[in-house]
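Structural description and commentary
The primary structure of each chain is shown beneath.
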Amino acid sequence: MKFRTRLNNKTFKLHATMRGTFLVLFVLAMSWPRLWAQDGKIHYSTPLNYQKQGERIIVSSKMYLSGGFKGLSIYLEGTKIPYKAIGKDTVQLQLPLIGDNVELTIKRRGKPDLVKVFTPLVPADWSYFQEGTIHIIVSSHQDIAWMNTPEYCRDERIHDIILPALDTMRLYDEYRFEMEQTLNLMELLDEYPEKKSVVLDAYNKGQFEWGATFNQPYEGIESSEQLIRQLYLGRKWIKDNIPGMDAHTAFNVDVPGRSFQFPQILNKGGVKNLVISRFREGFYDWKSPDGSSIFTYSPGNYGWPVIFYKYFDKEAPYGMKALHANLKDWHDYYKKRNIPPHYAVMISQDAAGPIYYREVVKEWNNIVSMSDIKLPGLRHSTADEFLGFVNVPEATFDEIYGERANIWMYIHGPGHYQAIKAKKKAAVSLPAAEMFSTISAMINDDFDNYPGDDFEKAWFKAIYPDHGWGGLNGGVTDSTFLAKLSQAHSEGTHLLQKALKNITKHIKTTKKNAYAVFNDLTWKRNAPVSISLPSTNKTYLVQDDLGKTIPSQKVTDDQGTRLVVAAEELSSVGYNVVYLSETRKKPVRTTKQGANFYENDYYRVVLGNGGITSLYDKKLGKEILNTSRYAGGDVISMHYNGNGAGEFNQMKKPDMRRFDKLSLKNSHWKIKSNGPVFTSFECDYELNEISIVQRITIFNTIKRIDFEYDIPEWDGRKERQWRFALPMNAMEAEVNYESPAGVVTVGEDDLDMEPGGWSWEGTYRQRPKYIHPREVLDFMSLNGVEFGITVSGTVSVMDWIDPVRDARNHPVFQGIMISTHKSCHGMGPYYTQEGRHTFHFSLTSHESGWENGYVFAKEFQHEPWATKLENANGSGKLDTRHSFLKVNSPFTALSTFKKSDYDNDVILRFIDMSGKDSQYTIDFPWKYKKWGKTNLVEESYKEVDTRGGETLNISIGKNAIETFKIDF
């Protein structure tokens, strides 16, 4: 037993020793490939040390070699090359800086010990780009205020960006830099007017370029004329204020959205190029529906060469290597399209300063001059320069068309309702003020007092807010934006009232208590108009200038006491005079009504929980609403925890947390106002503990139903979204909505491609036709097989797809009322929007086709104005009804009627909304001497007619924007 024990112990010890030996051998065996992999590894000296040697440029290199240097020899492609031992395991040798892969052989005692492929730092084969140019475009992307408050960012732009850039240009003629918008130039010259000559000199040397637009807005919420004025206060301002200077490239690189008529606006404003991003890298011929286009370039994402690629952060050969790898993907693209071999690296970042890669450019081009291999050069350029090299007649570019719906739309309208509501109002009051101020000057034959400077200041405010809502200290930014937009509308209203009063002085009448009701639309119309009254118990009779009694009713609410008059046959771009007189007669009603139902010539309406539970169109013989889930005029409350902008590659949807809706509540309707013009019903609710008053107004003299929602005290609760809803009684419908200068049909006028480009959360792969909701101007129209509905409102974002998780298939119109989400800036605010809010929507139903609701929608947004004739003027030169402009089609939209900026001629701008090539007649009450066409910013003139007359016969192509200059 003992023997066995001893034997077993020895055996155990032997086994343990063997196990240890095996473990060591195993570790060595496993380590050997790793150690062996270090052999032949090459490092370059820092800084790189290279020189020309024969036909090659060689670079000093270090190679790791284990096993000592005895009997060591090194061969490059079979040719022995010298080396020098500089450490225990390292040799120094000279290797090619430029070239293709070559075989590097390490021999010991004449036998190959290691063979590997050596790849020179700079590849030799640049294929299509071998004689091309790499352009560094250094651009500072600017939100008005994102990095901090508007005042802070303005100061930073001037003193830390623009002035240092000008100083660099003074020292180095080859340096280039650009600011992406004209507003920044205005800011500079406002503080340093003496810098104008310095700026002009830098421009003339091709060193400093400025963007052709005033700023970089959300295009889809600019009215047609607001978007056009981006060029008036952009390129046109530059030309007018700095003679000899121009701007040919527009930028809007941050917002992932494009309005489908913006290419035409740029084209007809004298702009040559558009630079965008968050879009597939490349060059495009972006067309508008009229066939005009803008040459468009996208680098993919404007900030990524600075954040990720960093081509020029190290010595030039490293940049050459990285760019060569990138350009592999572009050889075929360029060659197939016959594009000259010019490639751009856009160095643009938020609030970035003037980066100058002087040493890298110098080193790069020195290597090019030293090399016998053809390599592309490197230079600083502006976008305008670069695109001028690329856009040559022999090149062809991909044609694209359509609206790229903006996926950041929750940030502005629902996130800043009061501000965008003011913007929409300014879009009406400012053009109307220009129109009637021009008419007033023509009546007086005197343009000396035309308030041109006042209009420029007001337009500045109307388009001042850009895409940078929120941000660091975003409460200051957002309140600044709100103030500017409110001031724009206020100033527009003041200028309008002044012009209307001046016109009324010339109206011939001997009667007292007369009011001129003004209409700024180009067609005759029936419309309700409000006339303010002193608080009184008196009843008034309203008659037109022919003695006909006009329906009216007195209303008293928190706006005061007013008389709502159902004005009839209002003159186009003109006025009708009405007269008020006291009466004891009670108005005659021809309607049927009860506590929860109403019937007039147009509709039978039943009211219930949440709004209208039945809406029957008597003219169409159709039930308009499907109220199985929502009432007509329902309000839906949902949870939303997105940030409205940010880096989503798709819009974040609201969800069902704390879902609520008005139709879940018991309604108790009461009649608020009742008369021959309209009847208004009212109901009080609580929706998620928030008080809301719902009013539904049914008009009797026009086919219109209004929905109004008063939230007396929104408490600012976070991550909530409220939506107004109208469920359409149709299984499917074509969706149409107004975009700047046109009407988009969803799926037909959308960009038909994946946009591409990059965000922090991935590539933008969603096709635009699937994006909802949409930025909308005056209306959205849903058109089924049997009928259509058109809705206009005070909101700017609308949807048509049921938002809940068990969505119904039928279309559900929604107006996004309010959304209290956080800014996408990490230190930005919540858009809580505390306080009182009033939302207004208006509905009509019609035969299928958006064209049948177009006039209704425009009329809702353009309410008439009533101006009292202060003194009876029996010798006035104007009749009691007068039209200053008549157009034979409402689909010739009048965008502007104004005094020319350069003389006393009149500028008229029309937009074809019909989508057809059309002939139109324009009638005036004055005789003109001659007229012609000008471009969108009034810088050219092509005479058309010198015969004179009172009627213009004009041709406007499909969806075209045309500007006319008329000498009266």
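Please read these numbers as outputs of a predicted model, since none were measured by experiment. Just so you know, the residues in each chain are numbered from 1, in the order the chain's sequence is written. Local features in a predicted model are, by the rule used here, given only for residues with pLDDT of at least 70; side-chain atom pairs are given and counted only at 80 or more, and totals for whole chains, interfaces and linings are based on all residues. Working from all heavy atoms in the structure, the side-chain values ignore hydrogens and water.

The number of helices and strands found in the chain is 15 helices and 58 strands. With the C-alpha coordinates of the chain rotated into their principal frame, the extents come out at 130 × 90 × 45 Å. Looking at the chain residue by residue over its 968 residues, the buried ones come to 60%. The contact criterion used throughout is that any non-hydrogen atoms of two residues lie within 4.5 Å. The long-range fraction of contacts in the chain, counting pairs at least 24 apart against all pairs at least 6 apart in sequence, stands at 72%. In the form shown here, the chain has an accessible surface area of approximately 39400 Å², with 48% of it arising from carbon and sulfur atoms. When charges are counted, Lys and Arg are positive and Asp and Glu negative, with His and the chain ends excluded. Note on charges: their place is set at NZ of Lys, CZ of Arg, CG of Asp or CD of Glu. Charge-centre separation for the chain: the mean point of 118 positive side chains lies 6 Å from the mean point of 119 negative side chains. Secondary structure elements are defined from DSSP: runs of H or I of at least 4 residues count as helices, runs of E of at least 2 residues count as strands, and each element is numbered from the N terminus. Accessibility here uses a 1.4 Å probe with only protein chains present; expressed as a share of the type maximum, an area under 20% marks a residue as buried, one over 50% as exposed, and anything in between as partly exposed. Only the protein chains shown count as covering a residue, and every accessible area follows the Shrake-Rupley method with a 1.4 Å probe.

Turning our attention to the nonpolar core. Nonpolar cores are built from buried Ala, Val, Leu, Ile, Met, Phe, Trp, Tyr and Cys residues. Side-chain atoms within 4.5 Å join them into one set. L185, L188, F208, W210, F283, F312 and I439 are the most contacted members of the largest nonpolar core, which has 208 residues in total. Looking at this core element by element, the count peaks at 13 residues for helix α12 (residues 417-444). When residues no more than four places from it in sequence are discounted, the contact partners of F208 are I162, A165, L166, M169, F177, E178, M179, A202 and Y203. Grouped together as the second largest cluster of nonpolar side chains are 51 residues, Y602, Y737, V776 and L843 included.

Here we come to the side chain of N301. Here N301 lies in the loop between β16 (293-298) and α7 (304-309). A relative accessible area of 4% means that N301 is categorised as buried. Not counting the four nearest positions on each side in its chain, N301 is found in contact with S277, R278 and W758.

On to the sheet that holds strand β25 (residues 560-570), then. Strand order in the open sheet formed by 3 strands is β21-β25-β24, and the pairing between neighbours is antiparallel. Edge positions in the sheet fall to β21 (525-532) and β24 (552-557), since each has one partner strand and no second. Between one strand and the next, the sheet's axes are offset by a mean angle of 30°, whatever the strand orientation. A pair of strands is considered paired only if DSSP assigns at least 2 bridges between the two. As paired elements, β21 and β25 share 7 bridges and run antiparallel to each other. Within the sheet, the bridge partner assigned to S532 lies in β25 and is R562. Helix axes are fitted to C-alpha atoms over the stretch in contact, other axes to C-alpha atoms as well, and angles between N-to-C directions run from 0 to 180 degrees.

Here we come to the packing of aromatic side chains. Only Phe, Tyr and Trp rings are paired, with Trp represented by its six-membered ring, and only when their centres lie within 6.5 Å; those with planes under 30 degrees apart are stacked, over 60 edge-to-face, the remainder tilted. Tallied over the full model, the rule gives 55 aromatic pairs. Ring pairs connect the aromatic residues Y128, F129, F283, F295, Y297, W330, Y333, Y334, Y343, F386 and F397, which therefore count as one cluster. Sitting over the face of the ring of Y764, R404 holds its NZ or CZ atom 5.2 Å from the ring centroid. A positively charged side chain is recorded as over a ring if its NZ (Lys) or CZ (Arg) lies within 6 Å of the ring centre. The angle to the ring normal must also be within 35 degrees. The residue whose ring lies beneath K718 is Y830, and the NZ or CZ to ring-centre distance is 4.5 Å.

Of all the 8 residues making up strand β52 (residues 892-899), 7 are buried; the element is thus mostly covered by neighbouring parts of the structure. Where β52 lies against strand β53 (residues 906-912), 7 bridges are found, and the strand directions are antiparallel. By the bridge assignment for β53, K899 is matched with V906.

Looking at where T438 falls in the secondary structure, it is placed in helix α12. At 3.1 Å, the side chain of T438 forms a polar contact with the backbone nitrogen of K899. Discounting chain neighbours no more than four positions away, the residues touching T438 are F447, Y450, F897, K898, K899 and V906. Polar contact is the term for a pair of N or O atoms within 3.5 Å; when the atoms are in protein, one must be able to donate a hydrogen and the other to accept it, and sequence-neighboring residues count only if both atoms are side-chain atoms.

Contact geometry for helix α5 (residues 224-241) and helix α13 (residues 452-462): axes closest at 10 Å, N-to-C directions at 115°. In this structure, α5 meets α13 at a crossing whose hand is left-handed. Every residue of α13 that contacts α5 at E225, Q226, R229, L233 and W237 is listed here: E456, W459, F460 and A462. Under the scheme applied, nonpolar residues are Ala, Val, Leu, Ile, Met, Phe, Trp, Tyr, Cys and Pro; charged residues are Asp, Glu, Lys and Arg; polar residues are all the others, including Gly. For the contact of α5 with α13, the class distribution of residues is 5 nonpolar, 1 polar and 3 charged. Rotating anticlockwise by less than a right angle from the far helix to the near helix defines a left-handed crossing, while the corresponding clockwise rotation defines a right-handed one.

A few words now on the pattern of salt bridges. Each reported salt bridge corresponds to a side-chain nitrogen of Lys or Arg within 4 Å of a carboxyl oxygen of Asp or Glu. The final tally for this structure, using the stated rule, is 61 salt bridges. Among the ionic pairs, R836 bridges to D558, the shortest N-O distance being 2.8 Å. Here D558 lies in the loop between β24 and β25 and R836 lies in strand β48 (residues 835-846), a separation of 278 residues in the sequence. Each of the salt bridges in this network shares a partner with another, and the network as a whole consists of K236, D240, K898, D901 and E938.

Bringing the state of the cysteines into the picture now. Throughout, a disulfide means two cysteine sulfur atoms within 2.5 Å of one another. Per the counting criterion, the structure on display carries 0 disulfides. With no disulfide of its own, C153 has C824 as its nearest cysteine by sulfur position, at a separation of 14 Å. Take C824: its relative accessible area is 29%, and that puts it in the partly exposed class.

Moving on to the pairing of strand β9 (residues 111-118). Here strand β8 (residues 102-108) pairs with β9 via 7 bridges, running antiparallel. What sits directly across from V102, in β9, is F118. The turn linking β8 back onto β9 is made up of 2 residues, and R109 within it adopts a positive phi angle of 55°.

What follows covers helix α4 (residues 196-204). Buried within α4 we find V199, A202 and Y203. For α4, the buried positions fall inside an angular range of 100° around the axis, keeping them on one side. Exposed and oriented more than 90 degrees from the buried face of α4 are S197 and N204. Turning to α4, the residues buried within the fold contact α2 (150-171), α3 (183-191) and β12 (208-210). Our arc is simply the arc of the directions from the helix axis toward the C-beta atoms.

Right, let's talk about the packing of α13 against helix α14 (residues 474-504) for a bit. Any two packed helices are characterised by how steeply their axes cross, that is the angle between the axes, and by the distance between the axes. One can describe the packing of α13 onto α14 by two numbers: an axis separation of 7 Å at closest approach and a directional angle of 150°. When you trace α13 past α14, the crossing you get is left-handed. When α13 is examined against α14, the residues D454, F455, K457, A458, F460, K461 and A462 are found in contact with a partner set consisting of K484, L485, Q487, A488, E491 and L495. Its residues assigned to classes, the contact of α13 with α14 comprises 7 nonpolar, 1 polar and 5 charged.

Another point: the sheet that holds β8. In any sheet, the strands associate via hydrogen bonds between backbone groups, in a parallel or an antiparallel arrangement. Strand order in the open sheet made by the 4 strands is β5-β4-β8-β9, with antiparallel pairing throughout. Edge positions in the sheet fall to β5 (79-81) and β9, since each has one partner strand and no second. The mean inter-strand angle of the sheet, taken between neighbouring strand axes irrespective of direction, is 30°. As judged from the 5 bridges shared by strand β4 (residues 72-76) and β8, these two strands associate in the antiparallel manner.

Here the residue pair T46 and P47 is connected by a cis peptide bond, since its omega of 0° sits within 30 degrees of zero. With respect to the helices and strands, the residue P47 is situated in the loop between β1 (42-44) and β2 (50-53). Following H772, the chain continues into P773 via a peptide bond in cis, with omega recorded as 0°. With respect to the element layout, P773 can be found in the loop between β42 (762-763) and β43 (774-775).

Among all positions in α13, only F455, A458, W459, K461 and A462 are buried. Viewed end-on, α13 has its buried residues packed into an arc of 155°, placing them on one side of the element. Opposite the buried face of α13, at more than 90 degrees from it, the exposed residues are D453 and K457. Looking at the buried residues of α13, the elements they touch are α5, α12 and α14.

Time to look at a nonpolar patch on the surface. Within the patch definition used here, like charges are joined within 9 Å and nonpolar side chains (Val, Leu, Ile, Met, Phe, Trp, Tyr) within 5 Å, considering only residues with over 30% relative accessible area and no salt bridge. On the surface, F308, Y309 and W760 cluster together into a nonpolar patch covering about 340 Å² of accessible area. For Y309, the position within the fold is in helix α7.

Assignment of secondary structure puts L521 in the loop between β20 (514-519) and β21. Considered as a pair, L521 and V855 are 334 residues apart in the sequence and their alpha carbons are 9.6 Å apart.

With that settled, the discussion passes to the confidence of the model for the chain. Across the chain, the average pLDDT comes to 94, with 96% of residues at or above 70. Every residue gets a pLDDT, meaning the predictor's confidence in that residue, from 0 to 100. The model gives residues 1-19 a pLDDT under 50, and that stretch makes 1 contact with residues more than four places away or in other chains.

Looking at the element boundaries, H324 is found in helix α8 (residues 316-327). C-alpha separation for the pair H324 and D125, spaced 199 residues apart in sequence, amounts to 8.8 Å. Not counting the four nearest positions on each side in its chain, H324 is found in contact with P123, D125 and W126. Of the polar contacts made by the side chain of H324, one reaches the backbone oxygen of D125; its length is 2.7 Å.

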